[in-house]
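Structural description and commentary
Spelled out from the first residue to the last, the chains are:
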Amino acid sequence: MNKFWPIFFMFWPILAIVSFVIAPGMDWWFPGPAMSPLGEQIDNLFYLILVIVAVTFVGTHVALGYVLWRGVDNKDQKAWFSHGSHNLEILWSIAPAGILMFISLYQLDVWMEFRVKTHFPEGTTPVAEVTARQFEWRIRYPAPGKKLMTTPQSDDLYTVNDLHVPFGRPVSIRLRSMDVQHAFFLPELRVKQDAVPGAVIPVWFEASKPGEYDLTCAELCGWGHYKMRGRVFAENESGFEQYLETLQAEQNFDGVTQPEHTGAQIAEYGIEDSQ
Amino acid sequence: MFVSSPSSVTESNDESSGEDGADASDARTSELADTSSGEGESESYRVASYDPASRLLSVVNENGVPAQLSVAKGDNVQILGPALQEGRNLYLRHCMHCHGVSGDGAGPTAQYFKVKPRDYRQGVVKFTSTKANVPRPSRDDLFRIVKLGVPGTYMPSFMLLPDEEVHAIVEYVRWLAMRGEMERKLNAWLSLDYSKEAVADMEEPAEEIESAFAEAWADEASDNITQFSEELQMDWQEADKEENVVVPPTERVPPSPESIERGRKLFQGNKAKCASCHGLTGKGNGPSTESFNDLPGQPGVKSDKAGLFDIWGNIVKPRNLTAGVFRGGRRPIDIYRRIHSGIKGTPMQAFGSTLNKEGEIWDVVNYVLSIPFENKQGGH
Ligand SMILES: [Cu+2]
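Think of each chain on its own: its residues are numbered from 1, step by step along the sequence as written. Working convention: letters from A go to chains and numbers from 1 go to ligands, in the order in which they are written. Local features in this predicted model are restricted to residues of pLDDT 70 or higher, and side-chain atom pairs are both shown and tallied only at a pLDDT of 80 or more, whereas totals for entire chains, interfaces and linings draw on every residue. Just so you know, side-chain values use all the structure's heavy atoms and leave hydrogens and water out.

**Considering the domain arrangement of chain A**
Residues and elements named next belong to chain A. For chain A, the domain assignment lists domain 1 (4-72 + 88-115) and domain 2 (123-269). Domain start and stop points were drawn from an automatic or database domain assignment. One C-alpha centre belongs to domain 1, the other to domain 2; they are set 37 Å apart. It only takes one pair of heavy atoms within 4.5 Å for two residues to be counted as in contact. Facing 15 residues of domain 1, the contacting portion of domain 2 comprises 14 residues. Buried area counts how much accessible surface, traced with a 1.4 Å probe, disappears from two parts once they are put together, with both parts' losses summed. Buried surface at the junction of domain 1 and domain 2, both sides included, amounts to about 1,200 Å², of which 54% is carbon and sulfur. Note on definitions: salt bridges are taken to be side-chain nitrogens of Lys or Arg within 4 Å of carboxyl oxygens of Asp or Glu. At the junction of domain 1 and domain 2, the tally comes to one salt bridge. Among the ionic pairs, D43 bridges to R190, the shortest N-O distance being 2.7 Å. Polar contact criterion, stated in full: a pair of N or O atoms within 3.5 Å, where within protein one must be able to donate a hydrogen and the other to accept it, and residues adjacent in sequence count only if both atoms are side-chain atoms. For the interface between domain 1 and domain 2, the tally reads nine residue pairs in polar contact (both at pLDDT 80 or more). At the level of elements, α2 (37-73) and α4 (108-115) are the ones that each hand at least two residues to the side of domain 1 that touches domain 2. Put simply, DSSP marks the helices as runs of H or I at least four residues long and the strands as runs of E at least two long, and each gets a number from the N terminus on.

**Here's the deal with the coordination of the copper ion**
The reference angle at a metal is 109.5 degrees if four donors form a tetrahedron and 90 or 180 degrees if six donors form an octahedron. Residues and elements named next belong to chain A. Note that water is not among the atoms considered, so a metal site may appear incomplete; the donors listed are N, O and S atoms within 2.8 Å of the metal, with 3.2 Å applied to Na, K and Ca. All of the protein donors around the copper ion are H182 (ND1), C217 (SG), C221 (SG) and M228 (SD); their distances to the metal are 2.1 to 2.4 Å. Read from N- to C-terminus, the donor residues coordinating the copper ion fall into the pattern H-x34-C-x3-C-x6-M. Comparing C221 with M228 shows no difference in burial state: the two are buried. Throughout this description, buried means an accessible area under 20% of the type-specific maximum (1.4 Å probe, protein chains only), exposed means over 50%, and partly exposed covers the range between.

**Focus: the side chain of D119(B)**
All names here are of chain B. Assignment of secondary structure puts D119 in the loop between α4 (96-99) and α5 (139-148). At 3.0 Å, the side chain of D119 forms a polar contact with the backbone nitrogen of R121. With residues near it in sequence (within four places) discarded, D119 still touches G103, D104, G105, V124 and W312.

**Observations regarding the nonpolar core**
Only buried residues count toward a nonpolar core. Its members are Ala, Val, Leu, Ile, Met, Phe, Trp, Tyr and Cys residues joined through side-chain atoms within 4.5 Å. Formed by 41 residues in total, the largest nonpolar core has its most connected members in W137(A), Y141(A), L163(A), I173(A), L175(A), F184(A) and F205(A). In terms of domain composition, this core takes at least three residues from each of domain 1 (4-72 + 88-115) and domain 2 (123-269) of chain A. Setting aside residues no more than four positions away along its own chain, L163(A) makes contact with A128(A), V130(A), I139(A), Y141(A), I173(A), F184(A), F205(A), R231(A), V232(A) and F233(A). In terms of nonpolar packing, the next biggest core, distinct from the first, is built from 32 residues, C95(B), I145(B), I169(B) and M178(B) among them.

What follows is the structure, given as structure tokens:
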């Protein structure tokens, strides 16, 4: 019974290590590997912090367990009483402060690249305006070959919940909210940005591979929060252009001249294209 | 009653072979089986028995007499019970909290919206591709609404639900609408002699009233129910007929400044009187919004609130067209159909016969689509 506490304290670091080791295999880890270059850097930062935290956590617990374990049977030796040691206080104030300082400086590049417009990668093109509302994502593209303007244009193209982008180069969206706060979250691309009513927030990302990525709302925005399921569809340049052209044809449909596309066909169009 | 899509002609259909279809169709004997050949003609029967394991299906005709199913290779036989059941499950998950369990548009979250969720029970929806004299939406109309949502209202888009699921939901919405209509028809019939007031006025003892009612029911109910369901069947089948879709006689007149100007004149002029509701500049503030009108369904009874009413009893504002948000879709054909057939269930009536000169509707469409960009630098 008197070994309870040392065992108790040793149990947690062991549990932590075991769960880290088995987590990826159990699918308790990230939603797949990062599908964007910046996402990889973000993952690396995550791993760096994970290692620092893990070493600290395991280290302190092992030390604590060791001390307690020895203390259980040690009836002769008097304990060393460290309370009030000036040097020790300084040491464990400065060491964590230093580590935090290191982390904050080390991640600055990634943070700036993601958040600060002047540090966006060169050639980032705005492809669409995405307006979050309860409970969907309304999307506005410029007409093929045109630039995205800040105000709606007569030839803009509209769709909902289905954001198509070209892959392999940085693109940006203008993120807005029509009502309350939402968050534009692309888990596979490691992008998460709040949409704030009244603000237009540029968000850039680059899908490294073509495919279909989840778009979800990551800010509890009301009872229908879970309904805000969308997707980002990354495809090659010509596929993306073709998509816009299909959307344009659909949007100009006058019931006579072109074959009718339904919204559903638009959603499916991209899927066929990627395969 | 149900027409299966002629384009999906298969020898046998998953719905009749799938496992989950099995118990569902066992449980019911009154389901409908449907055959359709490549030409788009279809017949329906009632299912007498169906064994999913052997795929043995026997049908009866409307009078309950065993019938011979005439199917050829390539025909599509649909057994609709399982699709409706799936539709109901999906409806309960995705739609019920707004549109209500019975489709009355009064689900638990409906109270929070200014524009109320649709009450399906009159069988009317606003944004249809069907002609003005066709009172029901087509399956395609409902499919489109569910996929794209109704922008500018809380009706969300279900774009990413798989098509089959949306088709199943659409069947169930149609079923709810038909059920609502059937109940309304029965109600109207019974209210002729047995409305609350009429019963209160009767002098006979309650038992006599009850037995007279039971007799009347026994005599007439069966015929009436048959007649009502035939009416329902006809209305809903009409809506799915290709010839009842509004297709403009000519392609869109190019949206030149001249066409837009002609459209503006028509919009503001006395022929169409769009401005009486939508206002001279399309802001949705025309004089009708300030007049006192009859309550819906009660001609001669003036409302004590100013404004226009829809058939569901809500005040409905003519759209502010300067906002550029089109609930029924922003394609030229959508606006064309809104003008040609009106917006069903609302005071905006059909203009197909008023604006009957060649290209007139297109001119108005071009004007309407240009309103959000008036007084602004266009393009580029
Ligand atoms: Cu949200």
